[in-house]
Amino acid sequence: MRLRGIVLLVALGSFTAYYVYEPIPEEIEERWKLMLTNSFFRSLSHLADFSELVGLKDYMGVMYFITLAEGVVPVSDEHVQVTEEQFDGVEVVLYQPKQPGGDTELKRAVIYLHGGGWCLGSSRMSPYDLLARQMVTELNAVVISVEYRLAPAHHFPVPYEDVYCVVKHFLQKGVLAQYSVDPGRIAVSGDSAGGNLAAAVSQQLQQEPGQQVQLKAQALLYPVLQALDLSTPSYRQNQDMPILPRTLMVRFWSEYFTSDKALFRAMMANTHNSPESASLLKFVNWSAFLPESYRRKYNYSAPAVLQGAGGEGHVMDGPSRSIADPRASPLLVPDATLRSLPKAYVLTCEYDVLRDDGIMYVTRLRSAGVEVTHEHYDTGFHGALMFTVWPTDFLIGRRMTDNYMKWLKENL
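Residues numbered from 1 in each chain as written. Predicted model: local features only at pLDDT ≥ 70, side-chain atom pairs only at ≥ 80, totals over all residues. Heavy atoms only, no water.

Visitor: Explain the packing of helix 6 (residues 158–170) against helix 8 (residues 193–206) to me, and be specific about the residues and the numbers.
Guide: At a closest axis distance of 10 Å, the pairing of helix 6 and helix 8 adopts a crossing angle of 55°. As far as their axial angle goes, helix 8 and helix 6 are oblique. In terms of crossing hand, the pair formed by helix 6 and helix 8 is right-handed. Mapping the contact onto sequence places Pro159, Tyr160, Val163, Tyr164, Val167 and Lys168 in helix 6 and Leu197, Ala200, Val201, Gln204 and Leu205 in helix 8. (Axes fitted to C-alpha atoms, helices over the stretch in contact; angles between N-to-C directions. Helix = DSSP H or I, 4+ residues; strand = E, 2+ residues; numbered from the N terminus. Parallel < 35°, antiparallel > 145°, perpendicular 65-115°, else oblique. Left-handed = near helix turned anticlockwise from the far one by under 90°. Contact = heavy atoms within 4.5 Å.)

Visitor: Please provide a residue-by-residue account of empty space enclosed by the protein, values included.
Guide: Enumeration over the complete set of coordinates arrives at two cavities of 30 Å³ or more. Lining the largest cavity are 24 residues, and of these Phe41, Ile66, Gly116, Tyr128 and Ile243 sit closest to its centre. Listed by contribution, the elements that provide at least two residues to the lining of the largest cavity are helix 4 (65–69), helix 5 (126–139) and helix 10 (246–257). Within the lining of the largest cavity, the residues separate by chemical class into 14 nonpolar, eight polar and two charged. In this structure, the second largest cavity occupies an estimated 40 Å³ of space. Lining the second largest cavity, in full, are Arg251, Ser254, Glu255, Thr258, Ser259, Asp260, Lys261 and Phe264. The set of elements that each furnish at least two residues to the lining of the second largest cavity consists of helix 10 and helix 11 (261–268). Per element, the largest residue contribution to the lining of the second largest cavity is three residues, and it comes from helix 10. Classifying every residue of the lining of the second largest cavity gives one nonpolar, three polar and four charged. (1 Å grid on protein atoms, 1.4 Å probe; cavity = no way out; pocket = protein on both sides within 12 Å on 5 of 7 lines; lining within 4 Å. Points joined across faces, edges and corners; volume = space filled by probe spheres on them. Nonpolar A, V, L, I, M, F, W, Y, C, P; charged D, E, K, R; others polar.)

Visitor: Let's hear about the packing of aromatic side chains: which residues, and what values?
Guide: Taken as a whole and judged by the stated rule, the model has 21 aromatic pairs. Three or more aromatic residues joined by ring pairs form one cluster here, namely Phe40, Phe41, Phe65, Phe381, Phe387 and Phe394. Note that arginine 251 overlies the ring of tyrosine 59, its terminal NZ or CZ placed 3.8 Å from the centroid. (Phe/Tyr/Trp six-rings, centres within 6.5 Å; stacked < 30°, edge-to-face > 60°. Lys NZ or Arg CZ within 6 Å of the ring centre and 35° of its normal.)

Visitor: Describe the pattern of salt bridges, naming the residues involved and giving the relevant values.
Guide: A side chain of one charge can pair with a side chain of the opposite charge when the charged atoms of the two come close. Counting across every chain of the model gives 23 salt bridges. Here glutamate 52 makes a salt bridge to lysine 261, at a shortest N to O gap of 4.0 Å. With glutamate 52 in helix 2 (residues 31–53) and lysine 261 in helix 11, the pair connects residues that are 209 residues apart, well separated along the chain. Salt-bridge contacts for glutamate 350 lead to arginine 296; the nearest nitrogen and oxygen are separated by 3.0 Å. Pair noted here: glutamate 350 is in strand 7 (residues 343–351) and arginine 296 is in the loop between helix 14 (292–295) and helix 15 (317–323), with a separation of 54 residues, a long-range link. Residue class for glutamate 350 comes out buried when judged on its relative accessible area of 6%. Within this structure, Asp49, Glu52, Arg251, Glu255 and Lys261 form a network of salt bridges that share partners. (Salt bridge = Lys/Arg side-chain N within 4 Å of Asp/Glu carboxyl O. Buried < 20%, exposed > 50% of the residue type's maximum accessible area, 1.4 Å probe, protein only.)

Visitor: How would you explain the environment of tyrosine 95 if you had to name every residue and give the values?
Guide: Within the secondary structure, tyrosine 95 sits in strand 2 (residues 90–97). Residues tyrosine 95 and glutamate 105 lie ten residues apart in sequence; the distance between their C-alpha atoms is 16 Å. Here the side chain of tyrosine 95 touches aspartate 129 through a polar contact of 2.7 Å, side chain to side chain. (Polar contact = N/O pair within 3.5 Å; in protein donor to acceptor, adjacent residues only side chain to side chain.)

Visitor: How would you summarise unusual backbone geometry if you had to cite specific residues and measurements?
Guide: Note the cis peptide between phenylalanine 156 and proline 157, where omega equals 10°. Its location among the elements puts proline 157 in the loop between strand 4 (141–146) and helix 6. For the bond from tryptophan 390 to proline 391, the omega torsion is 5°, close enough to zero to count as cis. Along the chain, the position of proline 391 falls in the loop between strand 9 (388–389) and strand 10 (392–393). One non-glycine residue, isoleucine 243, lies in positive phi territory at about 70°.

Visitor: Run through the layout of surface pockets, naming residues and quoting values.
Guide: Estimates place the volume of the largest pocket at around 410 Å³. What lines the largest pocket is a set of 20 residues, and nearest its centre among them are Arg42, Ser45, Pro245, Thr247 and Leu248. Elements represented by at least two residues in the lining of the largest pocket include exactly helix 2, helix 3 (59–63) and helix 10. Among the elements that line the lining of the largest pocket, the one with the most residues is helix 2, at six residues. Split by residue class, the lining of the largest pocket holds nine nonpolar, five polar and six charged. Space inside the second largest pocket adds up to approximately 170 Å³. Considering the residues around the second largest pocket, the lining is formed by Leu36, Thr37, Phe40, Phe41, Ile66, Ala69, Glu70, Phe387, Val389, Trp390, Pro391 and Thr392. Mapped onto the lining of the second largest pocket, the elements with two or more residues apiece are helix 2 and helix 4. With four residues, the single largest contributor to the lining of the second largest pocket is helix 2. The residue inventory of the lining of the second largest pocket, partitioned by class, reads nine nonpolar, two polar and one charged.

Visitor: Account for the nonpolar core, with residues named and values stated.
Guide: General note: in soluble globular proteins, nonpolar side chains tend to be found buried as a group. By size, the foremost hydrophobic cluster in this structure holds 138 residues, and its most contacted members are Phe170 and Trp253. With residues near it in sequence (within four places) discarded, tryptophan 253 still touches Trp118, Asn196, Val224, Gln226, Ala227, Leu230, Tyr235, Met267, Ala328 and Ser329. (Core = buried A, V, L, I, M, F, W, Y, C linked by side-chain atoms within 4.5 Å.)

Visitor: Go over the packing of helix 10 against helix 11 with me, naming the residues and quoting the values.
Guide: At a minimum axis separation of 9 Å, helix 10 and helix 11 run at an interaxial angle of 140°. Classified by the angle their axes make, helix 10 and helix 11 are oblique. Between helix 10 and helix 11 lies a crossing of right-handed hand. Where helix 10 abuts helix 11, its residues Arg246, Thr247, Val250, Arg251, Trp253, Ser254, Glu255 and Phe257 lie against Lys261, Leu263, Phe264, Met267 and Met268.

Remember that the coordinates give geometry; whether it matters functionally is a separate question.
See the structure below:
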C-alpha cells in the first residue's frame, strides 16, 4: 500500500509539473501565478484538440469556454448607466456616466473592440466590463463596447464589417448629440485582435468620402497587424510563451480566414504567401522596420511564395486574397494612407509573439509623420492588461491600465 501511495504521489507530481511548470523568463513578475494561469489555458487547449480529433466539437468551440467562464451581465451602478443596444444591426454595450439633472457638458467617447483572436472574447466578459466602467468614471466618457460576430462561424471580413458599421453609425452628428458626445474627442481602441480591428477601421475611415466626423485618436494594445510573415523575431523568440504561443496565434489567423486546415498547415510553415501577397512583403520587412535591439540573433529571410495552385494551393485562393487585404493586415497600407491617421498609442510586450507587429507599425507611423506614443513593457506578456480580476490579477496588468488611462486622459 505504501509503495502504491508513493507511485501515485510521484505520478500526480509529474502530471502536475507537466501541466503547471514551464520555463518562463526570470524577468517576468509573478511567474508562478502566470504558470498556474497558463496551465488552465493549456489544459483547455489539449481538451479542444482532443474534442476536434474525435469529432465532438471544433477547437474554437471548446476554447470558447474561456469567454463563457468570464461572462457577466452588464448592469448599471451608482456611477455608470449601462444599456445593451444595436447600432446599425450590430450589438453594443453602451456605458455612460450618470450625470446630475440638467448637465449638458459634452463628453469624450471611446469605441472599444475586445480581443480574442476574432474567434473568442466578448464585450460582456468581466475584464472588459471593468475596463469600460473605469473609462467612464476616470475620463467622464461614453464607452461603446462592440459585440461583433466571431469566426469561425463568421469569417473575415464579417467581424471587421460589424465594427465599421458601428463606428460609422456612432459618428453621425445626430447620434453623437443624442449621447452628448463631443465630435472632436472620439477614439477607437482595442486589444490584440481588437487592436487589429481598431487600426483597420482608423485607416478605412480616413478614406471614406464625405466623412464629416473623424477620430481624434487610436489606442492599440498589443495589436496583431499582419499575416504575411509569421516568423518575425518575436514569433520565434516567444513561440512557446504562455497565453498566446505561436501555434495558437497561427490558428486564430487561419480560422479568421477559413476553416480549411490546409491554410493552418501552410501558415505554420510560413509558406502561405501567394504572388498577390508577395508584392506586399516590403511593408512587413522587419529588417527594415524593426530597431536593431529587437532583432537579436535572428537574420531576415523573406517568406516563401506559393506558386501555382497545385496540391493544397486551390483551397488558399480565397484566403490568399484576404491575407493581402489591409482590412485584415493594417501594416500593408502604403505610407500615403498612414499620413492622415489620427494620433496613436501603441502598447507592446517583450514576451509576446505580436511584439514586432506593433513595433513595426510604430516605426512606419512615425516615418509617415503621425504622432505616436509607444509604451513597451520589458517584462510584459500578451493579454496582461486583461488580467486585472481575481484570481488572475497581475500587477503589470494594473500598471498597463493606469498608463493607458493616463494617455487617454491627456490626449482625448
